[in-house]
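Take a look at the letters that make up each chain.
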Amino acid sequence: MMTAQNILSQFSATGVQTCFHDRHINPQIFAGLNGANWRLKDYEARGGYQALRKVLGIGGGEPMTQDQVIATVKESALRGRGGAGFPTGLKWSFMPRQFPGQKYLVCNSDEGEPGTCKDRDIMEFNPHIVIEGMAIAAFAMGISVGYNYIHGEIFSTYDRFEEALEEARAAGLLGNNILGSTFSFQLHAAHGFGAYICGEETALLESLEGKKGQPRFKPPFPASFGLYGKPTTINNTETFAAVPWIIRNGGQAYLECGKPNNGGTKIYSVSGDVEMPGNYEVPMGTPFSKLLELAGGVRAGRQLKAVIPGGSSSPILPASIMMDCTMDYDSIAKAGSMLGSGAVIVLDDTRCMVKSLQRLSYFYMHESCGQCTPCREGTGWLSRVVDRIETGHGRLADLDLLDSVAEDIQGRTICALGDAAAMPVRAMIKHFRHEFEYHVAHKTCMVPAYV
Amino acid sequence: MISESTKARFAKEVAKYPADQAQSAVMACLAIVQDELGYVSTDSEAQVAQYLGMVPMAVHEVTTFYNMYNQRPVGKYKLNVCTNLPCQLREGQSMLQYLEAKLGISMGQTTADGMFTLQQSECLGACADSPVMLVNDRSMCSFMTPEKLDQLVDGLRAVENK
């Protein structure tokens, strides 16, 4: 008998298109996955939990010290994969390890930056790599309790992660005296329920405390005042997932996978106008042109127009600049944008930039938490002004107005959502001013309407 | 009143947090209420508040802050179609319009038979599967096309009309 669940499950993703396409380059996190092998025994067959065993000195060998683990991660040049790119080892060293009270470890899996869908595939198809990475981090910082806060919209992934946690607990890989050692770590999963702002780390902590997710002033930083006011370290899912490989193979080996100051591999979520949207794990410093080729190139018969290289908050770059970039923090920053979460949104030559910006500006207005006036009011202004340009009611002075509203938001809010709303507007006008002017003058697009 | 089975689900969530931090489970408890009753009523908020030792207004703050909580009854199937840029570039907007035409409602509305509520949604975090649609908060439907939407809507109708 057909049930509603049968009907809906026909449309769930299999990962074939986005993850098991065999078009990664030297993958570490996505290596050997097929969708069926996410369980503990499969992960262990791939060498899983060997890094945790190494750290704890189980099965021969001296246990590592906390300092050795942190030094290895520092040497690897692993940088935060959530968006800010902060050096992970350095962040771990900020945790006051000797603090006598409870300390917390938090994984930020609230993946809601438009364009980003890598953490979903990691947790869906390789959840134990995140658990192992978190356990090692907890060991290194002397933390006994952790939470993984997962985007509410990917509820089946949350269920999957809960199942993986149960497996790990049953095998003695989480809980008290892990694998017979003196190290104990309790890890739990929590979920959001539809608020982009909770991807901001202090908003996430508020949400985890059972409140509305409005960001906190920093300082104090979470390392001194985090969850329940206790010292807390927060990293992104992909960051934790990188750790087991680093411990198994050494910091230097990880660094050498990428380029100086940009160690390892990175998962790029490629969406928009490409033949094969998907997640692609490639070494840091891979040319953008190569990544585009992996994703099958621009959709048939069209030319590359522009790329938003690191999620919707990162400034857009025209094709000519983008084609000269390599995919790493430093190259994209030098080109005037940000690697962000590694979400690459590709736009072809049929796309209207005003229309594209209209949808993004609406998003930031919708998701502003309302706490800071410049963001609460400013995102509305940006959205309404872009809207009227798009619908043929704009004036030439609107371009300066947009710039001045953006200027009034940037740097004047508690968290980065304000900047995230302002930067795309300024970058669009900087690189595609003529399209906005054309819209004002002719009340229509320069390009045939597709979007 | 909260049933015993619901309380068991609540207890599993509360157990994740320190004894004096039961409030941390409020998001999960409200999601459980919605899963069982279809929406979060003021009564449900009060019951969750009592269970967790919170003031009802603190629970209401949570219900109203997060987009996925239904503050009033919705159709048996809530369809959230993503139209954010990555989906828009792959016909997300057209999928929403297709459903509006097929169901004879505008986004934000519920069909007269109470079967479907249609909503535009922000990024669901499955951009490489675009265009995507989330059904009843839990089922992500990927790579949607008009044909698949027909199959989905007609299929659900057939199940319900049996």
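Quick summary incoming for the structure in this document. Bear in mind that the values here come from a model prediction, so they are computed numbers and not experimental data.

### Some thoughts on the overall build of chain B
Across its full length, chain B carries 7 helices and 4 strands. For chain B, the α and β elements follow one another from N to C terminus as α-α-α-α-β-α-α-β-β-β-α. Out of the 162 residues in chain B, the part that is buried amounts to 54%. Restricting to contacts in chain B with at least 6 residues of sequence separation, those with at least 24 account for 58%. Put simply, chain B shows about 6600 Å² of open surface, and 51% of that area lies on carbon and sulfur atoms. Here chain B contributes 13 positively and 18 negatively charged side chains, and the mean placements of these two sets differ by 5 Å.

### So, the pattern of salt bridges
Residues and elements named next belong to chain A. Tallied over the entire structure, the rule returns 38 salt bridges over all chains. Where Lys 218 meets Glu 200, a salt bridge forms, and the shortest distance between an N and an O atom there is 3.8 Å. Here Glu 200 lies in the loop between strand 3 (186-191) and helix 9 (201-208) and Lys 218 lies in the loop between helix 9 and strand 4 (232-236), a separation of 18 residues in the sequence. Assessed through its relative accessible area of 15%, Glu 200 is described here as buried.

### Topic: empty space enclosed by the protein
Inspection of every chain in the model, using the stated rule, returns 2 cavities of 30 Å³ or more. By volume, the largest cavity amounts to about 80 Å³. As for the largest cavity, its lining consists of 13 residues, and the residues nearest its centre are Cys369(A), Cys372(A), Cys375(A), Cys415(A) and Leu417(A). Across the lining of the largest cavity, the residue classes break down as 8 nonpolar, 5 polar and no charged. Space inside the second largest cavity adds up to approximately 70 Å³. Around the second largest cavity, the lining is made up of 13 residues, and of these Ala190(A), His191(A), Tyr17(B), Ser24(B) and Met27(B) lie nearest the centre. Considering each element in turn, the lining of the second largest cavity owes the most residues, 3 residues, to strand 3 of chain A. Class assignment of the residues belonging to the lining of the second largest cavity gives a composition of 8 nonpolar, 3 polar and 2 charged.

### Considering the side chain of Thr233(A)
Residue and element names in this part refer to chain A. For Thr 233, the position within the fold is in strand 4. Look at Thr 233 and you get buried, because its relative accessible area is 3%. Residues contacting Thr 233, with those up to four places away along its chain left out, are Lys 91, Trp 92, Met 95, Tyr 104, Leu 105, Val 106 and Met 141.

### Notes on the packing of helix 3 (residues 42-52) of chain B against helix 4 (residues 56-65) of chain B
To characterise two packed helices, one gives the angle between the axes of the helices and the distance between these axes. Residues and elements named next belong to chain B. Put simply, helix 3 and helix 4 touch, their axes get as near as 8 Å, and they point 120° apart. By the angle between their directions, the pair helix 3 and helix 4 is classed as oblique. In terms of crossing hand, the pair formed by helix 3 and helix 4 is right-handed. In contact with Glu 45, Val 48 and Ala 49 of helix 3, helix 4 contributes Pro 56, Val 59, His 60 and Thr 63. Tallied by class, residues from the contact of helix 3 with helix 4 come to 4 nonpolar, 2 polar and 1 charged.

### Some details on the interface of chain A and chain B
On the chain B side, the residues contacting the 75 residues of chain A number 56 residues. With both chains or domains summed, chain A and chain B bury close to 5200 Å², and 60% of this area falls on carbon and sulfur atoms. Considering only the side of chain A, the residues that lose the most area to chain B are Phe11(A), Phe193(A) and Arg359(A), jointly responsible for 17% of the buried surface there. Remark: the boundary between chain A and chain B carries 3 salt bridges. As a salt-bridge pair, Asp129(B) and Arg120(A) come within 2.9 Å of each other at their nearest N and O atoms.

### Things to note about the packing of aromatic side chains
By the definition in use, this model includes 18 aromatic pairs over all chains. Residues Tyr196(A) and Tyr364(A) carry aromatic rings whose centres are separated by 6.1 Å and whose planes lie at 70° to one another, so their mutual orientation is edge-to-face. A residue pair is termed long-range when its members are at least 10 positions apart, and Tyr196(A) in the loop between strand 3 and helix 9 and Tyr364(A) in helix 15 (residues 353-367) qualify at 168 residues. The class of Tyr196(A) is buried, set by a relative accessible area of 16%. What links up through ring pairs into an aromatic cluster is the set Tyr104(A), Tyr147(A), Tyr228(A) and Tyr17(B). Between the NZ or CZ atom of Arg160(A) and the centre of the ring of Trp38(A), over which it lies, the distance is 4.0 Å. Note that Lys266(A) overlies the ring of Tyr268(A), its terminal NZ or CZ placed 5.6 Å from the centroid.

### Description of helix 7 (residues 146-161) of chain B
Relative to the 22 Å expected for 16 residues at 1.5 Å per residue, helix 7 of chain B spans 22 Å between its end C-alpha atoms, a close match to the ideal helical length. For helix 7 of chain B, the complete set of buried residues consists of Leu149(B), Leu152(B), Val153(B), Gly155(B), Leu156(B) and Val159(B). One face of helix 7 of chain B carries all of its buried residues, which in axial projection span an arc of 160°. For helix 7 of chain B, exposure combined with an orientation more than 90 degrees from the buried face picks out Glu147(B) and Asn161(B). Packing partners of the buried residues in helix 7 of chain B comprise helix 1 (4-9) of chain A together with strand 1 (77-82), helix 6 (92-103), strand 2 (116-121), strand 3 (133-135) and strand 4 (139-141) of chain B.

### Structural notes on the sheet that holds strand 3 of chain A
Residue and element names in this part refer to chain A. The 4 strands lie next to each other as 3-2-1-4, forming an open sheet whose pairing is parallel. Single-partner strands in this sheet number two, and they are strand 3 and strand 4. Strand-to-strand twist of the sheet, defined as the mean angle between neighbouring strand axes without regard to direction, takes the value 20°. Of the strands in this sheet, strand 1 (104-109) and strand 4 touch helix 10 (residues 237-249), which is tilted by about 90° from strand 4.

### With respect to a nonpolar patch on the surface
All names here are of chain A. A contiguous nonpolar patch, built from Phe 86, Leu 90 and Phe 94 and spanning about 270 Å² of accessible area, is present on the exposed surface. As for its placement among the helices and strands, Phe 94 is situated in helix 5 (residues 88-94). For Phe 94, a relative accessible area of 46% corresponds to the partly exposed category.

The rules behind the values
- Residues numbered from 1 in each chain as written.
- Chains lettered and ligands numbered in written order.
- Predicted model: local features only at pLDDT ≥ 70, side-chain atom pairs only at ≥ 80, totals over all residues.
- Heavy atoms only, no water.
- Helix = DSSP H or I, 4+ residues; strand = E, 2+ residues; numbered from the N terminus.
- Buried < 20%, exposed > 50% of the residue type's maximum accessible area, 1.4 Å probe, protein only.
- Contact = heavy atoms within 4.5 Å.
- Areas by Shrake-Rupley, 256 points an atom, 1.4 Å probe, with all protein chains shown as cover.
- Lys, Arg positive; Asp, Glu negative; His and termini not counted.
- Charge placed at Lys NZ, Arg CZ, Asp CG, Glu CD.
- Salt bridge = Lys/Arg side-chain N within 4 Å of Asp/Glu carboxyl O.
- 1 Å grid on protein atoms, 1.4 Å probe; cavity = no way out; pocket = protein on both sides within 12 Å on 5 of 7 lines; lining within 4 Å.
- Points joined across faces, edges and corners; volume = space filled by probe spheres on them.
- Nonpolar A, V, L, I, M, F, W, Y, C, P; charged D, E, K, R; others polar.
- Axes fitted to C-alpha atoms, helices over the stretch in contact; angles between N-to-C directions.
- Parallel < 35°, antiparallel > 145°, perpendicular 65-115°, else oblique.
- Left-handed = near helix turned anticlockwise from the far one by under 90°.
- Buried area = accessible area lost by both parts, 1.4 Å probe.
- Phe/Tyr/Trp six-rings, centres within 6.5 Å; stacked < 30°, edge-to-face > 60°.
- Lys NZ or Arg CZ within 6 Å of the ring centre and 35° of its normal.
- Expected span 1.5 Å × (residues − 1).
- Arc of directions from axis to C-beta.
- Pairing = 2+ DSSP bridges.
- Patch = residues over 30% accessible without salt bridge, like charges linked within 9 Å, V, L, I, M, F, W, Y side chains within 5 Å.

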